[in-house]
Amino acid sequence: MTVRVRIAPSPTGNLHIGTARTAVFNWLYARHHGGTFIIRIEDTDTERSRDEYTQNIFDGLQWLGLTWDEGPFYQSKRLEMYKQGVKTLLDKGLAYYCYTSEAELGEMREQQKARNEAPRYDNRHRNLTTEQQAAFIAEGRRPVIRFKIEDDREIVWNDMVRGQMSWRGSDLGGDMVIARAAKNEIGQALYNFAVVIDDIDMQISHVIRGEDHIANTAKQILLYEAFGTKAPEFAHTPLILNIEGKKLSKRDGVTSIFDFKEMGFVPEALVNYMTLLGWSPPDSTQEIFNLETAAQQFGFERVNKAGAKFDWDKLDWLNSQYLHSMPASQLTDLLIPYWQKAGYEFDETSDRSWLEQITSLIGASLTRLPDAVDMTKLFFVKSLEYSEDAASALQQEGASTVLQGILDALNNTADFNEAAIQEIIKQVVKEKNVKKGLVMRSLRAALTKAMHGPDLIQSWLILHQLGQDKTRLQQAIELK
């Protein structure tokens, strides 16, 4: 079996997670079968299509690791092919010029509504005489071109996700417009027609897309037949739903793929999560895998029919797993832009060593990349304010005495390392005759100006490198 699949987004907006998930499923299916993954840009909507959206789509797919084998192809450069296809159907008597005006269509819909009928075109111009056409042209009417759909026709296909599907021609809204209005020429082809011409020309074997395209599939199968071509196999994947079970939208705080990037998700985690939105691996306990591993196991027999609810907690968990296992050097590269955006001052090259030390210190606590900004503030900001509980800890009896003892011991320490820190703590506990808990609480409050945060000993080692530990100890001793 030769597998050729495509992702065909419209550049009328940024790459959305729904389109990206469709791209993931297409990519996985192609790779599983050693097939071809094609990208096609459906940019015939000239009013809404934008070059920046096209670039956003390319960049988003590449960021996710979804490299394509052929393309990009642009519908806007294939218009003559569509016009020739429309002409073929006109010559076969399978399509016709329709001169029904907008006012007439509106009146038709109102009458249908009054009769409690579904809106549909009543095919009134299907069999116009030459004289009738000439009269409409003389009136200055601009026709559309419609494809004939017989009401009693049954369209059946075996969907790879949903099994046997069946539609009646009478449920497709009447004869379908396949090209826009023009004077005496064939106008611009519409979606359902152009996509069939493209898929035939590109020899697409499987069309994998969201279930919201099911009605289009019935219409498109009729077009394949009209051109004497075998239709591809179809797989209609479940929609991505919000927590309320409705289709995920911008109102749910989800827009483009790069919004997820900005929120601090790494591509490996996001694409891992999208794979699980509607598909389950053979081993139900397996939740973490890369694209290549998923491709080895992927098949539509394990894609669900029901909508897939978007779970932020699950995505956060997956993201944390990738961050926790990431080498410090790689994670540092990802964190640097967030530190820079926060206004933290450092040199990427000369400060690299302690930046990676900070990363190693907080890496295991990260859920999203921006979490690092607050976690590491104590290393970058010299004029930190004490938290309320840290200030209270420093006001406790014996705190300033303990801190003075630590500072004195620190001044007499030549080689500063983890062993030296432990010896300083042990010495102060003994000399000041206090409990270790008081020493540790006072030390944390003084050095980090908070009572919760990363490992205290490792934090002290980094602050010492930055020359900030003695200053903070002195500030805490003098706190009134």
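Here, every reference points to the structure presented above.
This is a predicted model, so every value here is computed, not measured.

Caption draft 1: Broad picture of the nonpolar core. Judged by nonpolar contacts, the single largest core of 56 residues is most densely connected at Trp339, Phe380, Ile406, Trp460 and Leu473. Non-local contacts of Leu473, meaning those with residues more than four positions away in its chain, are made with Leu403, Ile406, Leu407, Leu410, Leu443, Ala446 and Leu447. Grouped together as the second largest cluster of nonpolar side chains are 49 residues, Val24, Ile208, Phe260 and Phe310 included.

Caption draft 2: Quick look at the environment of Phe300. Within the secondary structure, Phe300 sits in the loop between helix H10 (291–297) and strand S12 (308–309). Put simply, Phe300 and Ala235 are 65 residues apart on the chain and 7.7 Å apart in space, counted from C-alpha to C-alpha. For Phe300, the residues in contact, after removing those within four places along its chain, are Phe25, Tyr29, Met160, Val161, Ile208, Ala235 and Thr237.

Caption draft 3: Looking closely at helix H12 (residues 328–341). With 14 residues, H12 extends 20 Å between its outermost C-alpha atoms, agreeing within 8% with the 20 Å of an ideal straight helix rising 1.5 Å per residue. Remark: the principal bend of H12, roughly 30°, maps to Leu335, with a proline, Pro337, within the next four residues. Residues Leu331, Thr332, Leu335, Ile336, Tyr338 and Trp339 constitute the buried set of H12. Elements in contact with the buried residues of H12: helix H8 (257–262), helix H11 (312–324), helix H13 (352–362), helix H14 (371–375) and helix H15 (377–380). Gly343 lies just past H12 and shows a positive phi near 90°.

Caption draft 4: Looking closely at the environment of Ile145. Within the secondary structure, Ile145 sits in strand S5 (residues 144–147). Ile145 sits in the buried class, given a relative accessible area of 1%. When the C-alpha atoms of Ile145 and Glu107 are compared, they prove to be 20 Å apart, with 38 residues separating the residues in sequence. Excluding residues within four positions of it along the chain, Ile145 makes contact with Val86, Leu90, Ala95, Tyr96, Tyr97, Met176, Val177, Ile178, Ala179 and Ile186.

Caption draft 5: The pattern of salt bridges, seen in detail. If you walk through the whole model with that rule in mind, you get 27 salt bridges. Its salt-bridge partner being Arg48, residue Asp45 comes within 3.4 Å of it at the nearest N-O pair. Of the charged contacts, one joins Lys341 and Glu262 as a salt bridge, the two residues approaching to 2.6 Å between their closest N and O atoms. With a gap of 79 residues between them, Lys341 in helix H12 and Glu262 in helix H8 connect regions that are remote in the sequence. By relative accessible area, Lys341 is classed as exposed at 63%.

Scoring rules and cut-offs
- Residues numbered from 1 in each chain as written.
- Predicted model: local features only at pLDDT ≥ 70, side-chain atom pairs only at ≥ 80, totals over all residues.
- Heavy atoms only, no water.
- Core = buried A, V, L, I, M, F, W, Y, C linked by side-chain atoms within 4.5 Å.
- Buried < 20%, exposed > 50% of the residue type's maximum accessible area, 1.4 Å probe, protein only.
- Contact = heavy atoms within 4.5 Å.
- Helix = DSSP H or I, 4+ residues; strand = E, 2+ residues; numbered from the N terminus.
- Expected span 1.5 Å × (residues − 1).
- Bend = angle between axes of the 7 residues up to and from the residue.
- Salt bridge = Lys/Arg side-chain N within 4 Å of Asp/Glu carboxyl O.

Note that every value here comes from positions in space, so none of it alone points to a role or purpose.
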